[in-house]
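Observations on chain architecture
Residue-level listing of the chains:
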Amino acid sequence: MKNRYSLAKNVFVDSIDIDDYIELESALSAYKQLENSIEKPLKMILLFGRPGTGKSILLNRIYKNLKYQKEIHYFETPTVNEKEFFLKLFKVLTKKELPKHTEVNFSALIEFSKKLYGKREIIILLDEAQMYSSEIMEKIRLLSDTRSIKFVVSLHKTEDEDLIAKEHFKSRIWEIIELKNITQEEQASYIHKKLLKQNFFEVANSIKGKNIKLIHEFTKGNYRECNKLLFTIFEIYEYYEKNDLSKINYNKMSRKIIEMAGLKLGYIYV
Ligand SMILES: Nc1ncnc2c1ncn2[C@@H]1O[C@H](COP(=O)(O)OP(=O)(O)OP(=O)(O)O)[C@@H](O)[C@H]1O
Ligand SMILES: [Mg+2]
């Protein structure tokens, strides 16, 4: 089959489209946890994890599944500008289109949302919340105190942000859901399922236990790193498929090629 690897490569393009979602035990358990938390009378829920652990795709999934049953909104990219952010929120609360530069008075917003208490329950999924200023976060907290709006705050945690994540929210967020990198077993099933979903049976079969072990060593079970590595592996295969077929064994993935991809991405050095 021609172009097999060019197509297989595209299976691993980074995307938060839920059609690409793979049901894994850990992902399902995080989903259920979030679903339960949303049902509870909480004001804020913190979803956190390192970059590439599946926060955005989880928020998208919960949004798509609940959007016909609940008043739920997904705020994808943070508007760092405070005015714009509260205007966006005001539109959600009032269900009205407002002129672009309308100034929203914050106390009016609070009053408005107090009046909604008991009548409507609005859920806002805030992705990439580490980008909001602490002033905005403080106001978000005040809004959540009205209990008409529940915020799911998704925060991406890096080494030196661990403390901030915990300290800043400790007393305020009432439930914390943490997403982690996946185990080697789950990564095996992630890679295989992703390929099988697009009918790449042979390619999936060619990735053996030992290959997975190396892939897991490189990527530590991080979804995004895994996607990048697989993409790069198939990119190299694509090259050989065009230029030097003798380098390809369709039955077994080559350790050398995984290493070359690892080298390219900086997981190993020479
Ligand atoms: N259960 C899953 N099924 C399929 N793909 C997944 C799954 N979980 C994560 N991914 C994939 O992994 C990549 C990273 O996921 P995502 O963008 O959701 O991570 P994130 O935690 O939001 O990262 P960041 O903190 O950088 O925003 C995406 O390409 C996504 O499609
Ligand atoms: Mg994200």
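The shown structure was predicted, so the numbers you read here are calculated from the model rather than taken from an experiment. Here the residue index of a chain counts from 1 through its sequence in written order. The naming scheme follows written order: chains are lettered A onward, ligands numbered 1 onward. Reporting in this predicted model follows two pLDDT cut-offs: at least 70 for local features of residues, and 80 or more for side-chain atom pairs to be given and counted; totals over whole chains, interfaces and linings ignore these cut-offs and use all residues.

Looking at the overall build of the protein
Helices and strands together make up the secondary structure of the protein, namely 12 helices and 5 strands. Over its C-alpha atoms, taken along the principal directions, the protein stretches across nearly 70 × 35 × 35 Å. Here a residue counts as buried when 20 or more other C-beta atoms sit within 10 Å of its C-beta, as exposed when there are 12 or fewer, and as partly exposed otherwise, the C-beta atoms being derived from the backbone. In the protein, which comprises 270 residues, the proportion classed as buried is 30%. Pairs at least 24 apart in sequence give 80% of the contacts found in the protein among residues at least 6 apart. Numbering of helices and strands runs from the N terminus, with a helix taken as a DSSP run of H or I at least four residues long and a strand as a DSSP run of E at least two residues long. Contact between residues is assigned whenever the C-beta positions, reconstructed from backbone atoms, fall within 7 Å.

What to know about the site of ligand 1
Put plainly, near means the residue's C-beta atom, positioned from the backbone, lies within 6 Å of the molecule or strand in question. Ligand 1 sits among 20 residues. The nearest are P51, G54, S56, H156 and Y223. Any residue that is not Ala, Val, Leu, Ile, Met, Phe, Trp, Tyr, Cys, Pro, Asp, Glu, Lys or Arg is counted as polar, Gly included; the first ten are nonpolar and the last four charged. Here the shell around ligand 1 is composed, by residue class, of 8 nonpolar, 8 polar and 4 charged. Two domains each donate at least three residues to the shell around ligand 1, and these are domain 1 (4–16 + 182–265) and domain 2 (25–179). Residue ranges assigned to the domains are those given by an automatic or database domain assignment.

Some remarks on the packing of helix α10 (residues 209–219) against helix α12 (residues 255–265)
Interaxial angle, 0 to 180 degrees, is taken between N-to-C directions of lines fitted to C-alpha atoms, where a helix line uses only the stretch in contact. Running from N to C, α10 and α12 cross one another at 10 degrees; their axes reach a closest spacing of 10 Å. The angle between the axes of α10 and α12 places the two elements in the roughly parallel class. Note on element contacts: α12 touches α10 through R255, I258 and G262, opposite N211, L214, I215 and F218. Should an angle fall under 35 degrees it is taken as roughly parallel, and over 145 as roughly antiparallel, whereas 65 to 115 is taken as roughly perpendicular and any remaining angle as oblique.

Thoughts on the sheet that holds strand β5 (residues 175–179)
Think of it this way: DSSP has to see at least two bridges between two strands before they count as a pair. In space, the 5 strands of this open sheet follow the order β2-β3-β4-β1-β5, with parallel pairing throughout. Unpaired on one side and paired on the other, β2 (71–75) and β5 mark the two borders of the sheet. Adjacent strand axes in the sheet meet at a mean angle of 15 degrees, parallel and antiparallel pairs treated alike. Pairing of strand β1 (residues 44–49) with β5 involves 5 bridges; the strand directions are parallel. In the sheet register, L47 faces β5, and the bridge partner there is I177.

Digging into the pairing of β1
Among the 6 residues that make up β1, 6 are buried, leaving the element largely enclosed by the rest of the structure. Alternating residues of β1 divide into M44, L46 and F48 and I45, L47 and G49, and every residue in both groups is buried. As paired strands, β1 and strand β4 (residues 149–156) are joined by 6 bridges and run parallel to one another. In the strand pairing of β4, L47 is matched with S154.

A look at the environment of C226
Among the secondary structure elements, C226 is positioned in helix α11 (residues 223–243). As a C-alpha pair, C226 and N65 span 161 residues in sequence and 26 Å in three-dimensional space. What C226 contacts, discounting residues up to four positions off in sequence, is Q187, Y190, I215 and T219.

Re the confidence of the model for the protein
Of the residues in the protein, 93% have a pLDDT of 70 or more, and the chain-wide mean is 91. Per residue, pLDDT captures the predictor's confidence, and it can take any value from 0 to 100. Per-element confidence in the protein ranges from a low mean pLDDT of 56 for helix α7 (residues 162–169) to a high of 98 for α10.

Comments concerning helix α3 (residues 55–66)
Here a helix's expected span is defined as the number of its residues, less one, multiplied by 1.5 Å. The end-to-end C-alpha distance of α3 is 17 Å, a good match for the 16 Å that 12 residues give at a rise of 1.5 Å each. Of all the residues in α3, the buried ones are K55, L58, L59, R61 and I62. The buried residues of α3 all sit within an arc of 160 degrees when viewed along its axis, so they share a single face. Buried residues belonging to α3 abut α2 (25–39), β1, β2, β3 (122–126), β4 and β5. Directions pointing from the helix axis toward each C-beta atom define the arc.

Considering the domain arrangement of the protein
Many descriptions give the size of an interface as the accessible area lost when the pieces come together. Domains assigned within the protein are domain 1 (4–16 + 182–265) and domain 2 (25–179). Each of domain 1 and domain 2 has a C-alpha centre, and these two points are 35 Å apart. At the junction of the two partners, domain 1 supplies 7 residues and domain 2 supplies 9 residues.

Here's the deal with the nonpolar core
Core analysis: the largest hydrophobic core is formed by 27 residues, its most contacted members being L47, L126, F151 and V153. Setting aside anything within four residues of it in sequence, one finds L126 in contact with F75, F151, V152, V153 and S154. Counting 24 residues, the second-largest nonpolar core is a separate cluster that includes Y5, L195, I215 and C226. Note on terminology: a nonpolar core is any set of buried Ala, Val, Leu, Ile, Met, Phe, Trp, Tyr and Cys residues joined through C-beta atoms within 7 Å.

Some details on the environment of V80
Relative to the elements of secondary structure, V80 occurs in the loop between β2 and α4 (82–94). A C-alpha to C-alpha distance of 16 Å links V80 and F90, two positions 10 residues apart in sequence.

Regarding the packing of α11 against α12
Packing of α11 against α12 leaves a shortest axis separation of 9 Å and a crossing angle of 120 degrees. Considered as vectors, α11 and α12 are oriented oblique to each other. The handedness of the crossing between α11 and α12 comes out as right-handed. Counting all contacts with α11, which are made through K228, L229, T232, I233, I236 and Y237, the residues of α12 involved are I257, I258, M260, A261, G262, K264 and L265. Each residue belonging to the contact of α11 with α12 can be placed in one class, and the counts come to 9 nonpolar, 2 polar and 2 charged. What makes a crossing left-handed is the near helix being turned counterclockwise from the far one by less than a right angle; a clockwise turn instead makes it right-handed.

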